[in-house]
Amino acid sequence: MDYYEILGVAKTASQDEIKKAFHKLAHKYHPDKGGDEKKFKEINEAYQVLSDTQKRAQYDQYGRVFEGGQPGGDAGFNWAWGNRPQGEDVEFDFGNVADIFEEFFGGGNGGRQTSKKDARRGKDIQVDVEVDLQRILKDSVEKINLYKQVTCNRCAGSGAEAGTKIKECVSCRGSGQVQQVRKTFLGSYTTVATCPECKGEGTMPEKPCNVCKGEGRVKADETIEVTIPAGIDTNQVIRVDGKGEAGKRNAKAGNLFIRIFVKKHPIFERRGDDLFAQEQINFSQAAMGDEIEIETLDKTKLLLSVPAGTESGKVLRISGKGIPHFGGYGKGNLYVELKIKTPKKLSKEQKKALDELRNAGL
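About the cut-offs
- Residues numbered from 1 in each chain as written.
- Predicted model: local features only at pLDDT ≥ 70, side-chain atom pairs only at ≥ 80, totals over all residues.
- Heavy atoms only, no water.
- Helix = DSSP H or I, 4+ residues; strand = E, 2+ residues; numbered from the N terminus.
- Buried < 20%, exposed > 50% of the residue type's maximum accessible area, 1.4 Å probe, protein only.
- Contact = heavy atoms within 4.5 Å.
- Core = buried A, V, L, I, M, F, W, Y, C linked by side-chain atoms within 4.5 Å.
- Pairing = 2+ DSSP bridges.
- Axes fitted to C-alpha atoms, helices over the stretch in contact; angles between N-to-C directions.
- Polar contact = N/O pair within 3.5 Å; in protein donor to acceptor, adjacent residues only side chain to side chain.
- Salt bridge = Lys/Arg side-chain N within 4 Å of Asp/Glu carboxyl O.

## Observations regarding the side chain of E245
Within the fold, E245 resides in the loop between β8 (237-240) and β9 (256-262). Accessibility expressed as a relative area gives 12% for E245, which makes it buried. If we skip the residues at most four places from it in the chain, E245 touches G122, K123, I125, K148, Q149, K219, A253 and G254.

## Focus on the nonpolar core
In terms of nonpolar packing, the biggest core is built from 35 residues, with L133, I238, L256, I258 and I260 touching the most fellow members. Leaving out residues up to four positions away in the same chain, I260 has contacts with V129, V131, I228, I232, D233, T234, N235, Q236 and I238.

## Describing the sheet that holds β9
Backbone hydrogen bonds hold the strands of a sheet together, and the pairing may be parallel or antiparallel. Taken in spatial order, the 3 strands line up as β1-β9-β8 in an open sheet, and their pairing is mixed. The strands lining the two open edges of the sheet, one partner per strand, are β1 (125-131) and β8. Mean inter-strand twist for the sheet, computed between neighbouring axes without regard to direction, equals 25 degrees. Where β1 meets β9, 7 bridges bridge the pair, whose relative direction is parallel. Looking at β9, one finds that V131 is bridged to V262.

## Re the environment of Y59
Along the chain, the position of Y59 falls in helix α4 (residues 53-62). As for Y59 and Y3, which are separated by 56 residues in sequence, their C-alpha atoms are 9.1 Å apart. A polar contact is formed between the side chain of Y59 and the backbone nitrogen of Y3, at a distance of 3.0 Å.

## Digging into the pattern of salt bridges
In the structure shown here, the tally under the stated rule is 20 salt bridges. In this structure, the salt-bridge partner of E37 is K41, at a minimum N-O distance of 3.7 Å. Remark: K41 and E37 occur in helix α3 (residues 37-50); sequence separation between them is 4 residues, near one turn of the helix.

Next up, the structure:
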């Protein structure tokens, strides 16, 4: 019986490959899932050896491995899986396959139970909000409509009808956890699971609220006003404490996380806190200079001086007309790239004037 062949892996397989192969086969052949018990024992035996570095090295050198660490025949072998001597109690080592047992037999989150406080805490909520580029020039208020768990008005979040109390859970005696012992052909397996009665909270309403059924919260619409800070950028996240899902029975609420997406502008391009735009000018304006009127992102109109002899692609800077620095003072700059406009159609007068300029060497 070749262990590598049983698991369907090469002798050079990594520990991760061996583990993945075992997971796959164990799910397929587990008796509780209608699989072949004999095949399952062979798989377990192979994995117990190949998953242990020392045992695997002995197996690769001598063949089958036994607990004493010496080569030899089958006599005296004390297998951790399937081949235990008749009538003898063997302490199984579940360390390598704890995750498989959790999948087959339960066990909550692998024996790591959340606290009663965590179990009752409200969930966090994340929403995405799109804003126009103009809006981030100053602080603005965004109204966000959410359908979420909110505190029950009838019981004020206690989960209990008026005049009744919150009592300790009888099943778990306030711990929020219960032990479960499951018997399998491999032996008994004890797990710690969340109490099914109180759902891990340790307490229960003496008489549950008629509206929220003891939860202390109900699903409802809520509108939240959030300030969008000036200068915010795409993928920045605003955190609003306590505005997520309401907690169970007045436990701490979750938080609201708002991820911002700044829309692209048809004229202005944002690069950090600077803005970039293009303006077209005529050949005569480029050659002789001029003043042109431009409009900034905040709709302010400015006169921009075009120097004589300007070439196409020249960039002019206007200080302080960019995006406000997030969380700080000051603003970025506005950069205007000048493009010389070439007319596609010319009148007779324009053609005559250009001929004269061409003849003059321009």
